[in-house]
Amino acid sequence: MKPAKIRLFVEHPLGEGQSVPLERPQAHYLFGVMRLSVGDAVALFNGRDGEWQAEVVEAGKRGGVLTCQAQSGEQRNPPDLWLMFAPIKKARTDFIVEKSAEMGASTICPVQTEFTNSERIRQDRLQAHAVEAAEQCGGTYVPEVKGLARLDRVLAGWPDGRQLMFCDEALAGGASALPSGLAGQPWAILIGPEGGFSDTERKRLSELEFAHPVALGPRILRADTAAVAAMTLWQTQLGDWQ
Ligand code: SAH
């Protein structure tokens, strides 16, 4: 059997000899779109059991079955990092979700701020983008996309021990160092909408001891660029790029 070119996320448990039934859209993708057939290889991961090489044993239009043969990668989970962002236009929001999965966010939390442009998100579509990004980037973990929540409520119910990297455009050109003593702790990154943060939000955030305001260089970045830049900065200083 040739090594698998296709990686597929499944919910099913994975292990040696394990049969994995396919759902209809997965069967359509593998056999209808990618033209795989019985005997072909697929790499599977489920977010818990690492990556497995599997073989197609049944291929149909509406379903199919794969059998796991050998583990080809360990389970690797990203650091405990939430990416909180205020939804923007659809294509740019999709971009943020895709890049968050690639950059190793563990949870993606859309938040509504005072100047948020978008009142609604399609959580299922965004989750599907996160799955696709994990499939293509070789990850064995898919971040969960949460429902849209109001920033003030999220801050009011903030979990003990989680730090917050507050990306504040008002600090552009200032310091971007994160407290190194807080590596290994749970963190969150907060990115504002196109309109930025309101004075009330900025004041509220400055009073929170878990919030660490940072600048992302001397220029004002668009929210999607800022999300990638912030994750790069965090992964380099405190996360799994070290
Ligand atoms: N309209 C605002 C900019 C918003 S940019 C203005 O003109 O001031 C969108 C988000 O990206 C910001 O809320 C912030 O979270 C982040 N961001 C962009 N550039 C930044 C910078 N240089 N430093 C810190 N955060 C930045």
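Rules and cut-offs
- Residues numbered from 1 in each chain as written.
- Predicted model: local features only at pLDDT ≥ 70, side-chain atom pairs only at ≥ 80, totals over all residues.
- Heavy atoms only, no water.
- Helix = DSSP H or I, 4+ residues; strand = E, 2+ residues; numbered from the N terminus.
- Buried < 20%, exposed > 50% of the residue type's maximum accessible area, 1.4 Å probe, protein only.
- Contact = heavy atoms within 4.5 Å.
- Areas by Shrake-Rupley, 256 points an atom, 1.4 Å probe, with all protein chains shown as cover.
- Lys, Arg positive; Asp, Glu negative; His and termini not counted.
- Charge placed at Lys NZ, Arg CZ, Asp CG, Glu CD.
- Pairing = 2+ DSSP bridges.
- Axes fitted to C-alpha atoms, helices over the stretch in contact; angles between N-to-C directions.
- Parallel < 35°, antiparallel > 145°, perpendicular 65-115°, else oblique.
- Left-handed = near helix turned anticlockwise from the far one by under 90°.
- Phe/Tyr/Trp six-rings, centres within 6.5 Å; stacked < 30°, edge-to-face > 60°.
- Disulfide = S-S within 2.5 Å.

Q: Help me out: how do you make sense of the overall build of the protein in this one?
A: When its secondary structure is counted, the protein shows six helices and twelve strands. Looking at the protein as a whole, 47% of its 242 residues qualify as buried. In the protein, the share of contacts with a sequence separation of at least 24, taken over all contacts with a separation of at least 6, comes to 74%. Surface exposure of the protein reaches about 12100 Å², of which carbon and sulfur atoms provide 50%. Of the side chains in the protein, 25 bear a positive and 30 a negative charge, and the two mean positions are spaced by 7 Å.

Q: Looking at this model, I keep getting lost on the pairing of strand S3 (residues 41–45). Mind explaining?
A: Regular strands place side chains that alternate from one sheet face to the opposite one. Across the five residues of S3, five count as buried, placing the element largely inside the fold. Where burial is concerned, the two faces of S3 agree: the one with Ala41, Ala43 and Phe45 and the one with Val42 and Leu44 are both buried. Strand direction decides the pairing type here: strand S1 (residues 7–9) and S3, joined by three bridges, are parallel. Looking at S3, one finds that Arg7 is bridged to Ala43. Pairing of S3 with strand S4 (residues 51–59), which is carried by five bridges, proceeds in the antiparallel orientation. Looking across to S4, one finds that Val42 is bridged to Ala54. Between S3 and S4, which pair antiparallel in sequence order, lie five residues; one of them, Gly47, sits at a positive phi of approximately 85°.

Q: Would you explain the packing of helix H2 (residues 90–103) against helix H3 (residues 123–137) in this entry?
A: In a packed pair of helices, the relevant descriptors are the angle between the two axes and the axis-to-axis distance. One can describe the packing of H2 onto H3 by two numbers: an axis separation of 8 Å at closest approach and a directional angle of 45°. Relative to H3, the element H2 is oriented oblique. Between H2 and H3 lies a crossing whose hand is right-handed. Residues Lys90, Thr93, Asp94, Val97, Glu98, Ala101 and Glu102 of H2 lie in contact with H3, whose contacting residues are Arg125, Leu126, His129, Ala130, Ala133, Gln136 and Cys137.

Q: Please clarify how the packing of aromatic side chains should be interpreted in this entry.
A: Here the distance between the centres and the angle between the planes together describe a pair of aromatic rings. Tallied over the entire structure, the rule returns four aromatic pairs. Aromatic pair Phe9 and Phe45: ring centres 5.6 Å apart, planes at 65°, arrangement edge-to-face. Remark: Phe45 occurs in strand S3 and Phe9 occurs in strand S1; sequence separation between them is 36 residues. Neither residue differs from the other here; Phe9 and Phe45 are each classed as buried. For the ring pair Trp158 and Phe210, a centre distance of 4.9 Å and an interplane angle of 5° mean the geometry is stacked.

Q: What should I look at first to understand the state of the cysteines in this one?
A: By definition, a disulfide links the sulfur atoms of two cysteine residues through a covalent bond. A full pass over the atoms with the stated rule returns zero disulfides. As a non-bridged cysteine, Cys68 has Cys137 as the owner of its nearest cysteine sulfur, 20 Å distant. The thiol sulfur of Cys137 is not disulfide-bonded, and the nearest other cysteine sulfur, from Cys109, lies at 19 Å. Judged by its relative accessible area of 36%, Cys137 is partly exposed.

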